[in-house]
Protein chains: 2
Amino acid sequence: MTPIDPADAVPDGLLEAFRAYERALMTDDIDAMDSLFAAGPETLRGDRGGLLVGHEAIAAFRRGRGGAPARTLGDLHVQVVDADTALIMVVTLAASGGRGLQTQLWRRIDGTWQVTAAQVGPPPQTFDPTVWRVVGDPLVAGAESGPLAGEGIAVKDVFAVAGHQVGAGVPAYLAGSPLAETSAAAVGLLLAAGASVRGIARTDQFAYSIAGTNEHYGAPVNPVVTGAVPGGSTSGSATAVSLGAAKIGLGTDTAGSIRVPASYQGLWGLRTTHGSVPTDGLLALAPDFDTVGLLTRDSELLRRAAAVLVPSATAGCGGLVMDPAVIARASADVAAAVAAAVDGLGTRNTVDLGDLEKAYEAFRVHQAFQAWQVHGEWITSHPGALKGAAAGRFEIAAAVTVEQDAAARQVLAGARSRWDEALGDGVLVLPSAASAPPLLTDPPEAVDRVRAATLTLTCVAGITGRPAVSVPGLTVEGGPVGLCLVGPRGSDLALLDRAAALAATRP
Amino acid sequence: MTPIDPADAVPDGLLEAFRAYERALMTDDIDAMDSLFAAGPETLRGDRGGLLVGHEAIAAFRRGRGGAPARTLGDLHVQVVDADTALIMVVTLAASGGRGLQTQLWRRIDGTWQVTAAQVGPPPQTFDPTVWRVVGDPLVAGAESGPLAGEGIAVKDVFAVAGHQVGAGVPAYLAGSPLAETSAAAVGLLLAAGASVRGIARTDQFAYSIAGTNEHYGAPVNPVVTGAVPGGSTSGSATAVSLGAAKIGLGTDTAGSIRVPASYQGLWGLRTTHGSVPTDGLLALAPDFDTVGLLTRDSELLRRAAAVLVPSATAGCGGLVMDPAVIARASADVAAAVAAAVDGLGTRNTVDLGDLEKAYEAFRVHQAFQAWQVHGEWITSHPGALKGAAAGRFEIAAAVTVEQDAAARQVLAGARSRWDEALGDGVLVLPSAASAPPLLTDPPEAVDRVRAATLTLTCVAGITGRPAVSVPGLTVEGGPVGLCLVGPRGSDLALLDRAAALAATRP
């Protein structure tokens, strides 16, 4: 007597409910889908984006999805458990090609068939254009030997790669972009050290965002938090590294574009000392703040790659310092997690960095002014080329006057000298981001609030030109958050050693 | 009262069995895994490779897999149905990066917990190197307008693509291959017609196979038959087209390398008239038989792309003809399916093509002789560069003497004139392949037998230089099989029209 007896009668009403769900899915009838999934916090639905737990999270996902891809059904298998419970596994045939697979556990609850658990497997994807613009095995081979031999790089699409265009996350810019004759200096250094270029990874439009939700190409998945933004603007590189599709993410960090995706995805991230890596072949955003950065899954490789990019950044760094008021700017849970972590790090001094708001505002103004200097002419001559938040940001940038910029520069110079004095050779500890990653379905106001809070934290390294390392390992309810260490200029390698030592001793 | 009550006690022994399975998976303890899956034909296991039905198929898959990727477990959810039934959904954390998801239905059968259904979702893959060597969005943009505007091409890795190397499925060949200055003529024609190159797709080593199981890079998935070979040597292009990752597969057909993957994956395929498409920029295999070919999911696009590649192939074609002895060379189920389909096609004449064995043997010898002329010098100077069956095939090719080749040519000339006379302007109907696609786990002898039988069928078009269309739609127990129409030389476009008309009227 086997419990999977094909002769078991399929319970009445089950297949009708199954078909009703499929119809609702194909017509994006969200109410019908919601009603065919069991209410309550225990209902499960997962796909390659991750697992959603609870009816509410599943419903929110459906509202944000904008419909499922068209499909028909192939082989259908029903395993009947009892008169009120059955598992249905069905092959799905995508209209766009390929076969997927779907498993649903159906239960009759108060007389109505409902799904309590579902796993949805879409057809295999051979290329994810939200992560990569171009990718190969490899795309560009590196030197045969060297300290990075065998490692693959996901190059943010603002660095020149010989033989390829620079797209900068903007289709119209890509269309007019020539094939690069030589690779950017940073790419060249990594290739010479034996790494190969795995691919050119997506970025936010002109790297002017920390969300990673490029409106032209879609957001790369956040492989750590289901439904969350990946973090930007080094978004494609970060997701590629998280998924193991590349070992090293090469990116830039102007206002947090390495530290934020590192924080949101639980990666190691390095923003190098401003000016320490040659920027030949790198498309600028705001040159006074632009830095080259790296993302990896572990500290050892980050140290090895950093030694290739900034071999001369061998200054030392002093003791840990913190500013409780800075940490307290983060969301309550992040502040608590970071404060607890700092407590665990032993001796450290407190410093007073004073008013971050004013300095951040000046940072924002000068970044915008420079961004418009760099990209304004192109944007003006390509109306409609930018979409969404980036378009709005450049509109604001266009309006910054020379006088406003001069005033901002004065504030920045003051903040820099004040902070340099306060920090000395100390290593400042603060959160890499002000919160766990926001969800793609969060309301825009909430995302904006989080953004401003995060940038207020990240601007300390931006304004001082200091290197910063994001150390993974902390988790709050909404996902991971990085612990950021900001060291003296030129201390990149010592700072990485310090960060690795801290991570190793953390309980 | 909800049936998913988190307070429901997890039945005794369930989590122990679950953990035992995970241990068995990580140590590739196949016996233990087999014993933890329910016996019988109703047990289910699916992943992105497709759905396996029955304990036996699942066990065979495990034996052929060579172990599962290392992983640890994340969030675990148990939905208890009754004391003997529970669903477990668990997030998996791949050691190489990324999160997957797994659903298992566990049932206590004769006192032992066993899985009756499982869906395994590995972490998202952003790039499939079994399908592509290089891929982009797009890799090379085509003309802004034209009859193929908006269509993406998967270019078999034997055609030059400007700015890229030709790899031909052989890593050592790729390593020494220069960047092409201009694209191959066929690629250029498609680009000029508005198509873009989506990517450069994997092929068998030097295109000398019909299996599609490149030993260096692994076999692309067959998206239609779980665990089956994709068909080669235009393997990557075929899988890319099946999955919708490209609309047009550009390949070559020397001995069946378009028709076989078309047959194995249920695609439309065209082998063009020998000599009708310029072969500049195409790496040869056996020039007397090499032709350019196309794969698509529908006949309309195939016709549109063919009109770009072979605009002058406008000869007409006559009535349908068949040779029952040729059809009978296929496996019994394929022969029966094709015979039934031919019966449904109405009026047609029978012809006698005589002994195919002798002609195929001559085809094999001359193909090998030419293949060695083309590649022998490179292979000799790169010992160890080839792997598996292709290495063996070139070893045999190296041994073909000039005398043997001369004798083969004589047989070929005879067969060609005899067949041309028998066929006239008729359209020969036969199976595209002698069987459904073999499984990756089939024993080598079985695969060889199938290969020889298929090549005996495909050599009719090869020897006569006639165009051939593979029409999808037939299915036997092991999967799809194509109906092949071979027309007069130069009739490519008329032949496609005929094929589309036949497909449209088929019951």
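Residues numbered from 1 in each chain as written. Chains lettered and ligands numbered in written order. Predicted model: local features only at pLDDT ≥ 70, side-chain atom pairs only at ≥ 80, totals over all residues. Heavy atoms only, no water.

Student: Just to check I follow, could you spell out the overall build of chain A for this structure?
Tutor: Looking only at helices and strands, chain A features 15 helices and 17 strands. Taking 23 Å as the expected radius of gyration for a compact globule of 507 residues, we find that chain A reaches 25 Å, a close match to that expectation. Viewed in the frame of its principal axes, chain A has a C-alpha envelope of about 80 × 50 × 50 Å. Looking at chain A as a whole, 58% of its 507 residues are labelled buried. A fraction of 71% describes how many contacts in chain A between residues 6 or more apart in sequence connect residues 24 or more apart. In the form shown here, chain A has an accessible surface area of approximately 18,000 Å², with 55% of it arising from carbon and sulfur atoms. The centroid of the 36 positive side-chain charges in chain A is displaced by 3 Å from the centroid of its 50 negative side-chain charges. (Helix = DSSP H or I, 4+ residues; strand = E, 2+ residues; numbered from the N terminus. Rg over C-alpha atoms; globule rule 2.2 N^0.38 Å. Buried < 20%, exposed > 50% of the residue type's maximum accessible area, 1.4 Å probe, protein only. Contact = heavy atoms within 4.5 Å. Areas by Shrake-Rupley, 256 points an atom, 1.4 Å probe, with all protein chains shown as cover. Lys, Arg positive; Asp, Glu negative; His and termini not counted. Charge placed at Lys NZ, Arg CZ, Asp CG, Glu CD.)

Student: I keep staring at the interface of chain B and chain A and nothing clicks. Help me out?
Tutor: Taken together, the contact between chain B and chain A spans 70 residues of the former and 70 residues of the latter. A buried area of about 5,400 Å², summed over both sides, lies between chain B and chain A, and 59% of it is on carbon and sulfur atoms. On the chain B side of the contact with chain A, Arg99, Gln119 and Thr126 of chain B bury the most area, a combined 14% of that side's loss. Run the count over chain B and chain A and you get two salt bridges. The salt bridge partner of Arg202 of chain A is Asp137 of chain B, with a shortest N-O separation of 2.6 Å. (Buried area = accessible area lost by both parts, 1.4 Å probe. Salt bridge = Lys/Arg side-chain N within 4 Å of Asp/Glu carboxyl O.)

Student: What is the right way to read the packing of helix α8 (residues 299–309) of chain A against helix α15 (residues 492–505) of chain A from this model?
Tutor: Packed helices, taken two at a time, are described by the angle between their axes plus the distance between the axes. Residues and elements named next belong to chain A. Closest axis-to-axis distance for the α8/α15 pair is 10 Å, and the angle between their directions is 175 degrees. With respect to α15, the axis of α8 lies roughly antiparallel. Taken together, the residues of α15 that come into contact with α8 (itself represented by Ser299, Leu302, Arg303, Ala306 and Ala307) are Leu493, Leu496, Asp497 and Ala500. (Axes fitted to C-alpha atoms, helices over the stretch in contact; angles between N-to-C directions. Parallel < 35°, antiparallel > 145°, perpendicular 65-115°, else oblique.)

Student: So what exactly am I meant to see when it comes to the packing of aromatic side chains here?
Tutor: Taken as a whole and assessed by the stated rule, the structure comprises 15 aromatic pairs over all chains. Each ring, one from Tyr173 of chain A and one from Phe206 of chain A, has its centre 5.4 Å from the other, and the planes form 80 degrees; the classification is edge-to-face. Residue Tyr173 of chain A is located in helix α4 (residues 171–175), and its partner Phe206 of chain A is located in the loop between β9 (196–201) and α6 (235–242); the two are separated by 33 residues in the primary sequence. Under the relative-accessibility criterion, Tyr173 of chain A is labelled buried at 19%. Here the aromatic rings of Phe289 of chain B and Phe363 of chain B are separated by 4.2 Å at their centres, their planes lie at 35 degrees, and the arrangement is tilted. With Phe289 of chain B in the loop between β11 (268–271) and β12 (292–296) and Phe363 of chain B in helix α11 (residues 356–380), this residue pair connects regions lying 74 residues apart in the sequence. Of the two residues, Phe289 of chain B and Phe363 of chain B, neither departs from the other in class, the shared state being buried. Within the aromatic cluster, the residues linked to one another by ring pairs are Tyr173, Phe206, Tyr208, Trp372, Trp378 and Phe394 of chain A. The cationic tip of Arg62 of chain A hangs over the ring face of Phe37 of chain A; the distance from NZ or CZ to the ring centre is 4.4 Å. A cation sits over an aromatic face here: Arg202 of chain B above Tyr217 of chain B, 3.6 Å from the ring centre. (Phe/Tyr/Trp six-rings, centres within 6.5 Å; stacked < 30°, edge-to-face > 60°. Lys NZ or Arg CZ within 6 Å of the ring centre and 35° of its normal.)

Student: Sorry if this is basic, but what is going on with the pattern of salt bridges here?
Tutor: Residue and element names in this part refer to chain B. This structure, assessed with the given rule, holds 38 salt bridges over all chains. For Arg409, the salt bridge goes to Asp405, with nearest N and O atoms at 2.9 Å. Here Arg409 and its partner Asp405 are both found in helix α13 (residues 402–423), four residues apart, which amounts to about one turn of the helix. Judged by relative accessible area, Arg409 falls into the partly exposed class, the value being 40%.

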